[in-house]
Each structure stands twice: as structure tokens, then as C-alpha cells.
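# Residue-level structural notes
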Amino acid sequence: MNFDDFELIYRENRVEIKDKEKIVEELKNKIGEKNVSTEKIDILAYTRDTSLISLNWTIEGKLAGLPDIITFPENIAHIKDILEIANREKIPIVPFAEGSGVVGGAIPLRGGIIIDMKRFNKILEINDKNLTVTVQTGVNGMNLERYLNAKGYTGGHIPQSLYTSSVGGWIAHKAAGQFSTKYGKIEDIVLGMKVVLPTGELITFDPIARAATGPQLDKYFIGSEGTLGIVTEATLKIWPYPEKRTLVSYTFPTIEESLNATRQIMRENVYPAVIRIYDADETMRHFENTEKAKDKVMTVFVCEGNQRLVDLEEQITREKCEENSGVDCEEEPVEHWFETRFRVTETSMFPPYKIVADTIEVSVMWDRAAELYHSVVDATKKVEGNLLVSAHVSHFYPNGVGFYFTFGGVPGKEKSQFDFYKECWDATIKATLEAGGSISHHHGIGINRSHWMKEEWDGGLEIMQKFKKILDPNNIFNPGKIYEKTWKGGNE
Ligand SMILES: Cc1cc2nc3c(=O)[nH]c(=O)nc-3n(C[C@H](O)[C@H](O)[C@H](O)COP(=O)(O)OP(=O)(O)OC[C@H]3O[C@@H](n4cnc5c(N)ncnc54)[C@H](O)[C@@H]3O)c2cc1C
């Protein structure tokens, strides 16, 4: 295969490595020959993450980014060796876990060295008294959850990408699992970390229950998307495996009624592990066999944990649904959700048909939740060529919710697939900001949202840029992400 045959999408500001062969030799000498690759097949594997537009590009013979060298460190000393060379030669570094990110976070925008974390895959210790597990961060999500289940626990963090993502990727992107309403997002679950900074120092944040020891520096690394260092180890909360699980589902005439019911449930301090509201379009797609769901808004609940508490949670959940015109659809829709919850072909089957699709998650406080839903759907539907816009609500808090929008369409005549993709993204983000929402709930910034960071953070962005300079003086860590615009735009 010849890389010259591919069009490189992100080629601007690509860094050319001087005397690459010498650098490769030096890396092999330091971290071992088997831990360094420049094989074309390996290079190809790290040209993109799972952002859907990059699948369209692959089919069109285009590459998102082009790394130069792939490394597979086995320990912290190896990472330090790589960083010493990268700092000396000003070579970009991209931490890479399982590549399931969907916003371009792991795309090597400027080339350079990939640090693949998959060999950091050990589960180190369960502490039953503290209810924690300590792991190396390259550990695969499903391997971790299966291990915990076998020992009588759950990690409570079950993203749809459980089989294809790692603890390090979750921390880097502030991920949220399907059971987040009870167990929290990853930032609620991480209690301690080890982080190798861009300059090679190791910081250890010991697990703590809570502390009042000044600003919590550790939190700054959660969500830093591989721009401020490499998280090598993490201590996470775990829970005893639930004693009882109940499955409840209701349909509502409108999304407003479903939002009201779920808001009132949260207000009672009741936290079903799973709550998912599907708008009428998604209800039609996912629950076409449920007679009572026709033209309605399906809402599924899973309550789990201590048996007596679960019974009470179920009772309150049912009361609030019925007070808001909910119609009981029993267990079958939730069983269907359980059976299909890791099926990820829905959007990825579009690119072979030249359809451009993606999903965009945002969050909003309760008082503007319904407004945000309608504004985003209306704004995205207006993009020429859009054939489908739908949403579900999948993360619930006493004060607000996380929405998950899906779009799909075919670009108009004069437009490329990428133009259409960017237009849909920008329409969603703009409408979200206008409705008082936050531009990402759990997929992160990566490339797709960095041009909206100023609108999200205002003066805070400048402070983040200053922190980045202090921690990464040579700007080698995942350059071009979060703090810099890759796509033109935003409100400017
Ligand atoms: C079908 C599908 C379903 C998904 N469902 C969910 C979901 O339910 N919830 C959710 O939150 N997300 C979901 N995602 C998105 C994705 O799985 C998450 O963003 C995940 O957290 C990425 O993990 P990863 O291990 O694949 O990381 P990668 O994609 O390899 O990397 C993501 C980012 O993390 C950085 N990084 C990776 N490891 C480290 C480390 N050790 N230290 C520092 N930086 C690091 C990389 O540089 C990059 O910026 C889904 C994706 C797909 C394709």
C-alpha cells in the first residue's frame, strides 16, 4: 500500500521528523525493538479514531491523520524515555488507547509518535473495605467489568463502547456509562491517579474519600484528552453486585411529559441506574414491536441495588410516571434494550451508502431542557440534505440532563461530505449554546468542538491555554486539540 495514494485530510501544521530512522533506532534501543513499529499496516491503524466522518473518508480513500512511529510502552520508564526524545526533537505525541473516541481526540493531527497504552492492562488490586479497584489505565472496559462481576462487584461504568474502550480513554474524555444516573460519570468514579506529565515527571494522586487541601489538581487531568500527560494508573469506585434489578417502562404522549416525570423522580432523590427517554422518532426505530409505543415517547428505567430500596425506587418511579400521563409498557421494552444495548451498527452502517451520520451529546439544566431539544432538532433539520434528526435523553441529574442527538443525510450538490458534516455539527452546537446548554456531555472536545471552546468557556479558555503552556512547554502533547481551532468557525 502506498500512502501517497491517500488524500490526507488534516495536513496543515504537520511536523516533519528530522532523521526519522535515527529516532526509530534510539526508541528501539531504549524501549525494546518489539515495542516500536513503523510498519505501514500499523501506521494505517492509527490514522483515525471512530469518529464517523473518518469512516466516510476511509471509504473514499482519504486518511484523517498520519502518525510516523507507533510505540507500545510496557512501563512508566518506557513512557519517560519516549518523552525525553520527543521533547528534545519537538515531536508530537498522541496517547492512544482503543481508538473508540468519536470526536477525533486520538487522531494524530500533526503526525509524530503514538503512545499506545494497551500494554498497561493489569488489574492491580480490589480493596473491599474501601470499595475500590486499582488498575493500569489501558485495561479494556469489558475485561474489567467481567473481572469485577466474577468477584461480586460492578464498576457501574457501562458505556455503549464497553467492549472497545479503556479506563484511560474514559478518564481522558470524561465518559458516561449507561448506568450513570446511579453510579455517576467517570469523574465521579475516579478516586486516585498516576499521571506522567509531558516533561516526564510522575505525579501520584492517592485515592481520597474527600479533601479540603486547596484546589483539587487531580481533577484538572480528568477530561484533558491526552493534552496534559498520560494517566497510567487509576483507582476507581466499585459497588457490590446489585442484589435486585427491576425493569420498568412507560410511554408518554410528549417528550415534555416524560421530562417532567423523570425530573420529579430525581427531585425525590431516587436514582434509577438507567433512565432513557426516546423521542417519537427513536421510539419508532427501537420499539416498533411495542403496540402501546406507536407515536409515543418510550421511557425505560432500570432500578438496581439493595432489594428493599429497589422496591421503593420502583414504586416512586411508577407514581411519577402515572402522574404525568405515563402508560405502563411492562418489562419487554427494557429487556429489548438490554439485548441490544451494545449493538453499534445503527450509525456505522451509513457510510458505505455515502450517507453522512453522527451523534452529538450535550447537556442542559432542567428549566431549558425541552427548549433545547426542540431548538436542536429544528436547527439541524434545516441543514440542506438532512434526512434524519432524532434524540434520546440518557443521563439524569437532580439539576439537569444529557441529550444525545443523531443526524444523517446526504450533502447537497455543491457540498462535500465533510462540509455537510460540519454544518450539522455547528447547527447542533449553536442551538445548544443559545438554549443555555453545554456543548459536550461525555464525548469530549477533540477536533469537532474546539472551535466552540471560546463560547463555552469565555475567558476560561485563555487560562487553560496558559496551563497547557506551563505543563507542556514544547506543545508536544496531542497538539491541535481542545485549546486550538482545527475547523474554522465558532461564533467569530
Ligand atoms: C459505538 C460507540 C459507543 C460509544 N458509547 C459511549 C458511551 O456510552 N459513553 C461515552 O462516554 N462514550 C462513548 N463512546 C465514545 C468512546 O468510547 C469514549 O470516548 C471512550 O472514553 C474512549 O476510550 P478509548 O479507550 O477508546 O480512547 P481513545 O479513543 O483511544 O482515546 C481518546 C482520547 O483519550 C486520550 N487518551 C487515551 N488514553 C489515555 C491515557 N491513558 N492518558 C491520557 N490520555 C489518554 C487520547 O489521546 C484521546 O485524546 C462510544 C463510542 C463508540 C464508537
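For the structure, check the block above.
Residues numbered from 1 in each chain as written. Predicted model: local features only at pLDDT ≥ 70, side-chain atom pairs only at ≥ 80, totals over all residues. Heavy atoms only, no water.

## Points about empty space enclosed by the protein
The line we're drawing: Here a cavity means grid points, on a 1 Å grid over the protein atoms only, where a 1.4 Å probe fits yet cannot get out; a pocket means an open set of points with protein on both sides within 12 Å along at least five of seven lines; lining residues are those with an atom within 4 Å of a point. Grid points are joined across faces, edges and corners, and a volume is the space filled by probe spheres set on the points. Helix and strand definitions here come from DSSP, where helices need a minimum of 4 consecutive H or I residues and strands a minimum of 2 consecutive E residues; each element is numbered from the N-terminal end. Just so you know the grouping, Ala, Val, Leu, Ile, Met, Phe, Trp, Tyr, Cys and Pro go in nonpolar, Asp, Glu, Lys and Arg go in charged, and all remaining residues, Gly too, go in polar.
Summed over all chains, the structure comprises three cavities of 30 Å³ or more. Taken as a whole, the largest cavity holds about 70 Å³ of empty space. Together, 13 residues line the largest cavity, and Leu 144, Gly 155, His 157, Trp 170 and Leu 236 are the ones closest to its centre. Elements that contribute at least two residues to the lining of the largest cavity include exactly α5 (141-150), α8 (186-189) and β12 (230-237). The element contributing the most residues to the lining of the largest cavity is α5, with four residues. Across the lining of the largest cavity, the residue classes break down as eight nonpolar, three polar and two charged. Put simply, the second largest cavity is a space of about 40 Å³. For the second largest cavity, the full set of lining residues is Tyr 10, Ser 51, Ile 53, Trp 57, Val 103, Gly 104, Ile 107, Tyr 421, Ile 447 and Asn 448. Across the lining of the second largest cavity, the residue classes break down as seven nonpolar, three polar and no charged.

## A look at the sheet that holds strand β8 (residues 132-136)
For clarity, the cut-off: Pairing between strands requires that DSSP locate at least two bridges from one strand to the other. Fitted lines through C-alpha atoms give the axes, limited to the stretch in contact for helices. The angle between two N-to-C directions lies from 0 to 180 degrees.
Spatially, the five strands line up as an open sheet ordered β7-β8-β12-β10-β11, and their pairing is antiparallel. Here the strands that pair on one side only, and so sit at the sheet edges, are β7 (123-127) and β11 (202-205). Going across the sheet, the axis of each strand differs from the next one's by a mean of 10 degrees, ignoring polarity. Both strand β10 (residues 190-196) and β12 contribute to a ladder of six bridges, which runs antiparallel. Among the inter-strand pairings, Val 190 is bridged to a residue of β12, identified as Leu 236.

## Notes on the layout of surface pockets
Think of a ball as big as a water molecule: rolled over the atoms, this probe shows where empty space is left. Our working rule: Where a domain begins and ends is set by an automatic assignment or by a domain database.
Here the second largest pocket is characterised by a volume of approximately 570 Å³. A class-by-class count of the residues in the lining of the second largest pocket yields twelve nonpolar, ten polar and six charged. Residues lining the lining of the second largest pocket come from more than one domain, with at least three contributed by each of domain 2 (123-240) and domain 4 (345-443).

## Here we look at unusual backbone geometry
Phi at Lys 174 is positive, roughly 50 degrees, even though this residue is not glycine. Residue position: Lys 174 is located in the loop between α6 (167-173) and α7 (180-183). With a phi angle near 65 degrees, Glu 330 is a residue other than glycine that sits in the positive phi range. When you line up the elements, Glu 330 lands in the loop between β17 (327-328) and α13 (332-340).

All we've got here are geometric facts, nothing functional implied.
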